[in-house]
Amino acid sequence: MKKILISLSIILAMSLSANAQMWLNLKAGGGLALASGSDGAKGGTAILSGLGYKHQLTKRLIAEGDVLFDIRSVEYLQNDDEYFAGGGTYIQVPLTIQYMIPFKKDELVPYRVGQPSSYWFIEGGPNFSYGTGVDIYVDQTIVSSYAGSDDPISEANQEANTIDVGFTAGLGVNFSIREGKNRLILGTRANYGLLDVYKDSRLGSATNLSMVGYLALDFSLTKRKHIRHRW
């Protein structure tokens, strides 16, 4: 029985890899960046661009992974009328699952893995980010107040936390062009970070939040437009 299950699993995996629709994705866009949880902080510009890979799992589900350059600018409040220009550049890797909602429901034929000519989609999943250069406001009066204590704020803890883990959620519309060889996508995403950019909570608190719109283009990596299974 165990050998049968293993054999079936191998056959299924080979079938999925052989029949699946796959695309290379180019994506670029921009929107609003925020330092969520930081009192008085002002939002700024968010710009993203990069590459992605899409793999169709079922007739309605698509898995997507992106590697994006994510540039964010925010302003941290220093005092009543002065702001510190912060933000940073991140390499962001969102991993999402998309659910397709065709304009015409009858375009998704049973037992066929393919894509309709146009459809809405919703998506969501985790994202991982690494900051190649992140600037945060550090109030030196707070640092000085702990300088003579048993637990001073170290220089290392005054640097920004460059690692972030969070969630990505979005929606959009996908159109077939060039007879399905390429696809044009107009979408929007919200990216919410869970990790504080401050290593020491005594300096403050802020998490990354961005809301962006984007334009993307898919290039098909498979020749066949539709795959019909035998069973």
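Residues numbered from 1 in each chain as written. Predicted model: local features only at pLDDT ≥ 70, side-chain atom pairs only at ≥ 80, totals over all residues. Heavy atoms only, no water.

Undergrad: Explain the sheet that holds strand S2 (residues 44–56) residue by residue, including any values.
TA: The strands that make up a sheet pair up through hydrogen bonds in the backbone, lying either parallel or antiparallel. One closed barrel holds the eight strands; their spatial order is S1-S2-S3-S4-S6-S7-S8-S9, and the pairing between them is antiparallel. With direction set aside, neighbouring strand axes in the sheet form an average angle of 25 degrees. As paired strands, strand S1 (residues 22–36) and strand S9 (residues 207–220) are joined by 14 bridges and run antiparallel to one another. In the sheet register, Ala28 faces S9, and the bridge partner there is Leu215. (Pairing = 2+ DSSP bridges. Helix = DSSP H or I, 4+ residues; strand = E, 2+ residues; numbered from the N terminus. Axes fitted to C-alpha atoms, helices over the stretch in contact; angles between N-to-C directions.)

Undergrad: Describe the pairing of strand S4 (residues 83–102), with residues and values.
TA: Relative to S4, strand S3 (residues 61–77) is paired through 15 bridges, and the arrangement is antiparallel. Paired with Ile62 across the strands is Gln98, a residue of S4. Between the antiparallel neighbours S3 and S4 lie five residues. In the sheet, S4 pairs with strand S6 (residues 118–135) via 14 bridges, with the strands oriented antiparallel. When the sheet's bridge partners are listed, Gly87 is paired in S6 with Asp135.

Undergrad: So, the pattern of salt bridges: which residues are in play, and what are the values?
TA: This structure, assessed with the given rule, holds nine salt bridges. Across the pair Asp218 and Lys54 runs a salt bridge whose closest N-O atoms are separated by 2.8 Å. With Asp218 in strand S9 and Lys54 in strand S2, this pair connects stretches of sequence that are 164 residues apart. With relative accessibility at 2%, the residue Lys54 sits in the buried group. Note that Arg189 and Asp66 form a salt bridge whose closest N and O atoms lie 3.1 Å from each other. One end of the pair, Arg189, is in strand S8 (residues 182–193); the other, Asp66, is in strand S3, and 123 residues separate them in sequence. Taken together, the salt bridges that share partners define one network made up of Lys27, Glu64, Asp66, Glu123 and Arg189. (Salt bridge = Lys/Arg side-chain N within 4 Å of Asp/Glu carboxyl O. Buried < 20%, exposed > 50% of the residue type's maximum accessible area, 1.4 Å probe, protein only.)

Undergrad: An account of the confidence of the model for the protein is needed here, citing residue identities and associated values.
TA: Averaged over every residue, the pLDDT of the protein is 86; the share at 70 or more is 83%. Low pLDDT, under 50, characterises residues 7–18; the predicted model gives this stretch six contacts beyond four residues in sequence or across chains. Confidence drops under pLDDT 50 across residues 226–231; counting only partners more than four residues distant or on other chains, this segment forms 17 contacts. (pLDDT = per-residue confidence, 0-100. Contact = heavy atoms within 4.5 Å.)

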